Amino acid sequence: MARSIGRRLVLRSGLLTAGVLAGIAVAKPATGSVSVTMREGRKAVPANRAVPPVVRSAQELIDRGIPFPEPPRAATALPITSNGTTYEMAQQLTWLDRDHFAVGRWDGSMSVFRFTDSDVSGPLINEAVASPAFQGVRMLAALPGQSFASSNDDRSIALWVAGKKGWADLRSTGTFDYNPALGVATGARGTPHGLVVGHTTGHLSIWKHTPWDRRLRFVRAVDVRNPRPVNPWGLHDIHSIAAAAGTGSLSRVVAGSEDGYVSIVEVPSGRILSQAVFNPRAQRGINSLSVSGDSLLVANCSVGPQDHNLWYYSIDPGTWQITLVDKANLIVDATRPQAFNFAVTWGAYAGGPCWFASTEEGALWMGTADTGLGVLGYQAVTSPLGSTLGYATAPGRLVMVAYDLYEYTTGG
């Protein structure tokens, strides 16, 4: 695998060390709860909102008495008090065109980058994006007309457009309101027939996008909640939405929820075509999914040695039902009680179609999928807690972002 893809690293400053992250992820405070707070500006966010899902998942296992490997301990107890942790890790990534992509982070920042041949390159533009109270930038979606949408707060979405000088001249055209009962936007996908947004409450909202007047107009909301969530917290956040096959007048999307549902929905009608729990025995929900033709990949967090964190399904375009083809557990250290698969995407390399996945061990995995899943291997790339991924075709370009930004040419 190391010879199949070329790699470039784009560095960010002010990064947390791997040791600090390991301590956050597995150390149990004396109170028995996660004692971390994300601070943005002068605001402190409650820990139940600020903690990344991988940390929340680890804490639930610790509270059940399941041991994790001990993190490195400092040689000396320093006479200082911790006031919280700012998570700068990437949360969302979307390609804007074949050369540019946007990254949203937990600290509320958003950057637009140009895929570059330079070994070290900063972003074209940085923006401070609301909302500090809701875990920073939780949604990004590319749209026609050199524009994209981002999450804003619990009742609005922001729309951005490229100016006369391109993406380096990024401008906001305003925010567009919706009923706050839907919750914060946590995932989205632009389609030829509208923008589809997933929310914390397990609802999808469908919007009409009109590039000529640079506006979003709310069309309808669709309830796709699983009444029996697979996760122990009763969460319904829809983190990932992918485009499925469409026709001239309709689009279809596949939505993956924290409650375990895979929902296929027609756009713009909002008609639910099918719903299924990706794994009836799952203990954690869906973090990411990717569709290529009638093939679907689902990423989740596996718990215990018998669980899996990558699932491969086929989609029947006649009934829109999904059928399990294969599954795998992407884990380096098999003694770990959980293996969090943060992101998955279809791609291509010199050998043909493939997939990429990033896991909480800082590993980038690569494999193939035909009659089953083939795992080609992994590279140790970055610090723990996981990374978001984005793949663009023609030519094959893969971006992996955690704290640092890694660019790969895949040969696809």
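Residues numbered from 1 in each chain as written. Predicted model: local features only at pLDDT ≥ 70, side-chain atom pairs only at ≥ 80, totals over all residues. Heavy atoms only, no water.

Asker: What's the story with the overall build of the protein in this structure? I'm lost.
Answerer: Helix and strand counts for the protein come out as three helices and 30 strands. Residue burial in the protein is summarised as follows: out of 412 residues, 57% are buried. By sequence separation, contacts in the protein at least 24 residues apart represent 52% of the contacts at least 6 residues apart. Here the protein has roughly 17,000 Å² of accessible surface; of this, 50% comes from carbon and sulfur atoms. (Helix = DSSP H or I, 4+ residues; strand = E, 2+ residues; numbered from the N terminus. Buried < 20%, exposed > 50% of the residue type's maximum accessible area, 1.4 Å probe, protein only. Contact = heavy atoms within 4.5 Å. Areas by Shrake-Rupley, 256 points an atom, 1.4 Å probe, with all protein chains shown as cover.)

Asker: Could you clarify how one ought to interpret unusual backbone geometry in this entry?
Answerer: Glycine aside, residues mostly have negative phi angles, and peptide bonds mostly take the trans form. A cis geometry characterises the amide bond from V267 onward to P268, with omega recorded as 10°. You can see P268 is positioned in the loop between β18 (261–267) and β19 (272–277). In the segment running from A394 into P395, the intervening peptide bond is cis, with an omega of 0°. Relative to the assigned elements, P395 resides in the loop between β28 (388–392) and β29 (397–401). In this model, R214 sits at a positive phi of 55°, which is unusual for a non-glycine residue. Positive phi outside glycine occurs at A394, with the angle close to 55°. Locating A394 in the fold gives a position in the loop between β28 and β29.

Asker: Please explain the side chain of E60 as it appears in this structure.
Answerer: Examined against the element boundaries, E60 turns out to sit in helix α3 (residues 53–63). Polar contacts involving the side chain of E60 include one to the side chain of R64, which spans 2.9 Å. For E60, the contacting residues outside a window of four places in its chain are P232, W233 and R284. (Polar contact = N/O pair within 3.5 Å; in protein donor to acceptor, adjacent residues only side chain to side chain.)

Asker: For this particular structure, what's the right way to read the packing of aromatic side chains?
Answerer: Aromatic ring pairs are reported here in terms of the distance separating the ring centres and the angle at which the planes meet. One pass over the structure, following the stated rule, counts twelve aromatic pairs. When the centroid spacing of 5.6 Å and the interplanar angle of 15° are considered together, the rings of F101 and F113 count as stacked. Note that F101 is positioned in strand β5 (residues 100–105) and F113 in strand β6 (residues 109–114), a separation of twelve residues in sequence. On the basis of relative accessibility, which here comes to 0%, the residue F101 falls in the buried class. On the accessibility criterion, F113 (4% relative accessible area) is buried. For the pair Y312 and W346, a centre-to-centre distance of 6.2 Å together with 70° between the ring planes defines the contact as edge-to-face. One end of the pair, Y312, is in strand β22 (residues 310–315); the other, W346, is in strand β24 (residues 338–349), with 34 residues separating them in the sequence. Like W346, Y312 is buried. (Phe/Tyr/Trp six-rings, centres within 6.5 Å; stacked < 30°, edge-to-face > 60°.)

Asker: Which parts of the structure should I look at to understand the sheet that holds β18?
Answerer: Backbone-to-backbone hydrogen bonds pair the strands of a sheet. The strands run either parallel or antiparallel. Taken together, the four strands give an open sheet; going across it, the order is β16-β17-β18-β19, and neighbouring strands pair in antiparallel fashion. Each end of this open sheet is capped by a strand with a single partner; those strands are β16 (238–243) and β19. With direction set aside, neighbouring strand axes in the sheet form an average angle of 20°. Sheet topology note: the β18/β19 ladder contains five bridges and is antiparallel. In the sheet register, V262 faces β19, and the bridge partner there is A276. (Pairing = 2+ DSSP bridges. Axes fitted to C-alpha atoms, helices over the stretch in contact; angles between N-to-C directions.)

Asker: What is the right way to look at the sheet that holds strand β13 (residues 194–199) in this model?
Answerer: Spatial ordering of the open sheet is given by β12-β13-β14-β15, a layout of four strands whose pairing is antiparallel. Across the chains shown, the open sheet's two edge strands, defined by having one partner strand only, are β12 (185–191) and β15 (215–223). Across the sheet, the axes of successive neighbouring strands diverge by a mean angle of 25°, strand direction being ignored. Judged from the four bridges that link them, β13 and strand β14 (residues 203–210) form a sheet pairing that is antiparallel. Note on β14: the bridge partner recorded for G198 is L204.

Honestly, that's just the spatial picture; any functional story needs more than this.
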